[in-house]
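# Per-entry structural report
This is what each chain is made of:
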Amino acid sequence: MADTTQPAHPARRRYGLRPTMKDVAARAGVGLKTVSRVVNGEPGVTPDTERRVQEAITALGFRRNDSARILRKGRTSSIGLVLEDLADPFYAPLSRAVEEVARAHGALLINGSSAEDGERERELVLALCARRVDGLVIIPAGDDHRYLEPEIAAGVATVFVDRPAARIEADAVLSRSFEGAREGVAHLIAHGHRRIGFIGDLPRIHTAAERLRGYRAAMAEAGLPVDESWVALGPTDPGRVRADAERMLEGREPAAEPVTALLTGNNRVTVTAVRVPAVRERRVALVGFDDFELADLLTPPVTVIAQEPALLGRKAAELLFRRLEGADDAPRRVELPTRLIPRGSGEVPPRS
């Protein structure tokens, strides 16, 4: 029979207390300088002594503390990425692209989420700066980034992505939200629609405001009036979006006719809108800003204005490392085009 008895007093792990070079030296029976030479690959250690030190390192799980080396170099080989929401599928390829560029430069990526809260963004950014990251890529949630001026002056390279910084001059990599929204609405107009609704994100968000501006521009260029009941900005929670979509499609406002088409301002809004019966049943046309997974497999397949989040992330990270390598020209604003992908939902004609 197997012996299942347990030690009376099992060894207790000391979580948070890592083994030190002093611990390695004591286990191997050598001096600290000898351990240092082995750890740093320096000469002057006999093979037998090196073997004993390496065995002690393995047994203790010792890892070199790079803090002193980092302080000598003045660099941590790490960058921070502040996203709006880590759970949003839009940011997954963006984050991956930043990480790949960082990895190619031998840097570690540390990321976190602001949850679209300006104060949380500020706390997270300053916490990353306190940990001496070399640079930051930020999708901003706040409306005043002057708090970053001392950090940038101290040498923290900073690039904003998806949205520009507020109240400071800084590098930014953006999509052309205005032009994309205008093209999406023009596409609906070209398919016979005259009453088009717009459902977007919070009005204080730069991309939401730009897409609303593009919607209004396309309607004005076509000589079409906009009933203000056809415009709804706010949180992207499904309840709010669904209620606004149904209100517009049913023409519940006094003297307001129902819309025959919708432009939705981002992927989360679109995903809710496609669940509205009138959209599913092809009784209304839909163009969504941002592509999303399975959009081409729905019925009807969803016409979208596609951004390239991976390209946004890559361009932002490349610009960041360009700054870290010494480029000191004026802040740059890089704008990437969007792409209209007709699939079916945006080509549904208005019902007579």
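Residues numbered from 1 in each chain as written. Predicted model: local features only at pLDDT ≥ 70, side-chain atom pairs only at ≥ 80, totals over all residues. Heavy atoms only, no water.

Looking at an unreviewed UniProt entry, one finds the chain named LacI family DNA-binding transcriptional regulator, with Streptomyces glaucosporus as its source organism.

### What to know about the overall build of the chain
Regarding its fold elements, the chain presents 13 helices and 12 strands. The globule rule puts the C-alpha radius of gyration for 352 residues at 20 Å, and the 28 Å found for the chain is more than 25% above it. For the chain, the C-alpha atoms occupy an extent of roughly 90 × 70 × 30 Å along the three principal directions. Long-range contacts, defined here as pairs at least 24 residues apart, represent 64% of the contacts in the chain between residues at least 6 apart. When the accessible surface of the chain is totalled, it reaches about 18500 Å², and 50% of it is carbon and sulfur. Between the mean site of the 51 positive side-chain charges and the mean site of the 50 negative ones, the chain shows a separation of 6 Å. (Helix = DSSP H or I, 4+ residues; strand = E, 2+ residues; numbered from the N terminus. Rg over C-alpha atoms; globule rule 2.2 N^0.38 Å. Contact = heavy atoms within 4.5 Å. Areas by Shrake-Rupley, 256 points an atom, 1.4 Å probe, with all protein chains shown as cover. Lys, Arg positive; Asp, Glu negative; His and termini not counted. Charge placed at Lys NZ, Arg CZ, Asp CG, Glu CD.)

### With respect to the sheet that holds strand 5 (residues 171–175)
One open sheet accounts for 6 strands, arranged 2-1-3-4-5-11; its pairing is parallel. Looking along the sheet, the strands with just one partner apiece sit at the ends: strand 2 (108–113) and strand 11 (333–336). Each adjacent strand pair in this sheet contributes to an overall mean axis angle of 15°, direction not counted. Strand direction decides the pairing type here: strand 5 and strand 11, joined by 4 bridges, are parallel. Looking across to strand 11, one finds that L174 is bridged to E335. (Pairing = 2+ DSSP bridges. Axes fitted to C-alpha atoms, helices over the stretch in contact; angles between N-to-C directions.)

### Overview of empty space enclosed by the protein
If you walk through the whole model with that rule in mind, you get 2 cavities of 30 Å³ or more. The space that makes up the largest cavity amounts to roughly 140 Å³. Forming the walls of the largest cavity are 18 residues, and the residues nearest its centre are T207, R211, N266, R268 and D290. Looking at which element gives the most residues to the lining of the largest cavity, the answer is helix 9 (residues 206–221), with 3 residues. Partitioned by chemical class, the residues of the lining of the largest cavity number 4 nonpolar, 6 polar and 8 charged. Roughly 30 Å³ of internal volume is contained in the second largest cavity. (1 Å grid on protein atoms, 1.4 Å probe; cavity = no way out; pocket = protein on both sides within 12 Å on 5 of 7 lines; lining within 4 Å. Points joined across faces, edges and corners; volume = space filled by probe spheres on them. Nonpolar A, V, L, I, M, F, W, Y, C, P; charged D, E, K, R; others polar.)

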